[in-house]
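# Descriptive structure summary
The lines below spell out each chain.
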Amino acid sequence: MALAGCSSTPPAGKPAAAHDTLPPVKVGIALGGGAAKGFAHIGVIKILEANGLAPAVVAGTSAGSVVGALYASGMSAFELQEKAVALDEAKIRDLQFSTSGLIVGQKLEDYVNEQVRQQPLERLAKPFVAVATRLEDGERTVFARGNTGQAVRASSSIPGVFQPVTIGRYRYVDGGVVSPVPVDAARQLGADFVIAVDISSKARGQTPTGLLGTLGQTIAIMGQKLGEAELARADVIVRPQVLDIGGADFTQRATAMLEGEKAALAALPQIRERIAQVQATREQAARVARQQAAEAQRQACLEQRSRLQKLAGLAGLDGACGAP
């Protein structure tokens, strides 16, 4: 009389340990806005790559979208550094006096598209999004498909400096107005762990000088309040010391990259510790899920037994539905 049939014991040759393997923690990076300070992002990425922590997904706002798009296209941090050193400001700056802005932005769009080999956002080597602000209603807009250079241009269009970008029925300006460091966008891309790189200017009680200084201070004040809540949702925040670098000062690009490296190096122990915690939490959740599934299987087995099997179980003779 055969009583077996619902055993929860794994078949021979299929070790249960195979179920314990989890994919590695997916690291995302959120690159914030800061104009010329954005060169610091390259230094941060360089250190992460050198330590086996290359981001799997990338989100960028303003200057962070420029670096993020090039990195997501498949460039290494060293290639980014070479591009930064060789960059001629004239290739990305097209002045045109207008009531809506001093810079058109078409040159920036063309430069980015050239660097990413005309690939649209959805075909870049790494998942990438650029965050912009819809001018009509202030809505945060996350560009994940379409023209890469145009999305970056929209994300980088600092109000009063760049002219707004028209895409479809709407016009867009700098993403820093609503999302100075796009932590939420990186999380929406599927990141398990988000490293936020904050290079934004802080309002430090100093009187700004000139049009650009006033505009920068205004956006900084807005960004400080808006960005605090979103930054709090990051797992680790890296803050390169670039506050004294002017937003239009491309002569200090090497200094900015070095500061990015230093800040990332200082954050490495915290990053590794937090990633280990995330992995441990995931493993614990997976173990609980397996235990619950095994118990559910056992309960289903018990409910499906015949009357004879149930009698045998009461007598302790039926091991078909063993404990998980």
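Residues numbered from 1 in each chain as written. Predicted model: local features only at pLDDT ≥ 70, side-chain atom pairs only at ≥ 80, totals over all residues. Heavy atoms only, no water.

## What to know about helix α1 (residues 40-50)
- The element α1 is largely enclosed, with a buried count of nine among its eleven residues.
- Three or more residues of α1 are buried, namely Ala40, His41, Ile42, Gly43, Val44, Ile45, Lys46, Ile47 and Leu48.
- Against the buried residues of α1 lie β1 (27-31), α2 (63-72), α3 (77-86), β7 (193-197), β8 (236-238) and α8 (253-304).
- Within two residues after α1, Gly52 carries a phi angle of roughly 70 degrees, on the positive side. (Buried < 20%, exposed > 50% of the residue type's maximum accessible area, 1.4 Å probe, protein only. Helix = DSSP H or I, 4+ residues; strand = E, 2+ residues; numbered from the N terminus. Contact = heavy atoms within 4.5 Å.)

## Observations regarding the pattern of salt bridges
- The full count for this structure, using the stated rule, is ten salt bridges.
- Salt-bridge contacts for Lys46 lead to Glu261; the nearest nitrogen and oxygen are separated by 3.3 Å. Placement of the pair is Lys46 in helix α1 and Glu261 in helix α8, with a sequence separation of 215 residues.
- Judged by its relative accessible area of 17%, Lys46 falls in the buried class.
- A salt bridge links Glu89 to Arg93, with the nearest nitrogen and oxygen atoms 3.1 Å apart.
- In this structure Arg93 comes out as partly exposed when scored by relative accessible area, which is 33%. (Salt bridge = Lys/Arg side-chain N within 4 Å of Asp/Glu carboxyl O.)

## Some remarks on the packing of aromatic side chains
- Across all of its chains, the model carries two aromatic pairs by this definition.
- Considering the side-chain rings of Phe39 and Phe250, the 5.6 Å spacing of their centres and the 85 degrees angle between planes classify their relative orientation as edge-to-face. Separated by 211 residues along the polypeptide, Phe39 in the loop between β1 and α1 and Phe250 in the loop between β8 and α8 bring together distant segments of the chain. There is no split in this pair, since Phe39 and Phe250 are both buried.
- With centroids separated by 5.2 Å and ring planes inclined at 75 degrees, the aromatic side chains of Phe143 and Tyr172 adopt a geometry described as edge-to-face. Of this pair, Phe143 sits in strand β4 (residues 140-143) while Tyr172 sits in strand β6 (residues 170-174); the two residues are 29 residues apart in sequence, bridging distant segments of the chain. Tyr172 shares its class with Phe143; the two are buried.
- Its end group placed over the ring of Tyr170, Arg134 keeps NZ or CZ at 4.4 Å from the ring centre. (Phe/Tyr/Trp six-rings, centres within 6.5 Å; stacked < 30°, edge-to-face > 60°. Lys NZ or Arg CZ within 6 Å of the ring centre and 35° of its normal.)

## What to know about the side chain of Thr61
- Structurally, Thr61 can be placed in strand β2 (residues 57-61).
- Relative accessible area serves as the criterion here: at 0%, Thr61 is assigned to the buried category.
- Setting aside residues up to four positions removed in sequence, Thr61 forms contacts with Leu31, Gly32, Gly33, Val131, Ser155, Asp174, Gly175, Gly176, Ser179, Pro180 and Pro182.

## So, the packing of α1 against α2
- Where α1 meets α2, the axes come as close as 10 Å, and the angle between the chain directions of the two elements is 40 degrees. When the axis of α1 is compared with that of α2, the two are oblique. Here His41, Ile42, Ile45 and Glu49 of α1 come into contact with α2, specifically with Gly64, Val67 and Tyr71.
- Of the residues in the contact of α1 with α2, the class split is four nonpolar, two polar and one charged. (Axes fitted to C-alpha atoms, helices over the stretch in contact; angles between N-to-C directions. Parallel < 35°, antiparallel > 145°, perpendicular 65-115°, else oblique. Nonpolar A, V, L, I, M, F, W, Y, C, P; charged D, E, K, R; others polar.)

## Some remarks on the nonpolar core
- Phe193 and Ile271 are the most contacted members of the largest nonpolar core, which has 62 residues in total.
- Element by element, the count of residues in this core is highest for α8, at nine residues.
- Excluding its chain neighbours within four sequence positions, the residues that come into contact with Ile271 are Leu48, Leu53, Phe193, Ile195 and Val236.
- Formed by 14 residues, the second largest nonpolar core is a distinct cluster that contains Ala30, Val131, Ala185 and Val194. (Core = buried A, V, L, I, M, F, W, Y, C linked by side-chain atoms within 4.5 Å.)

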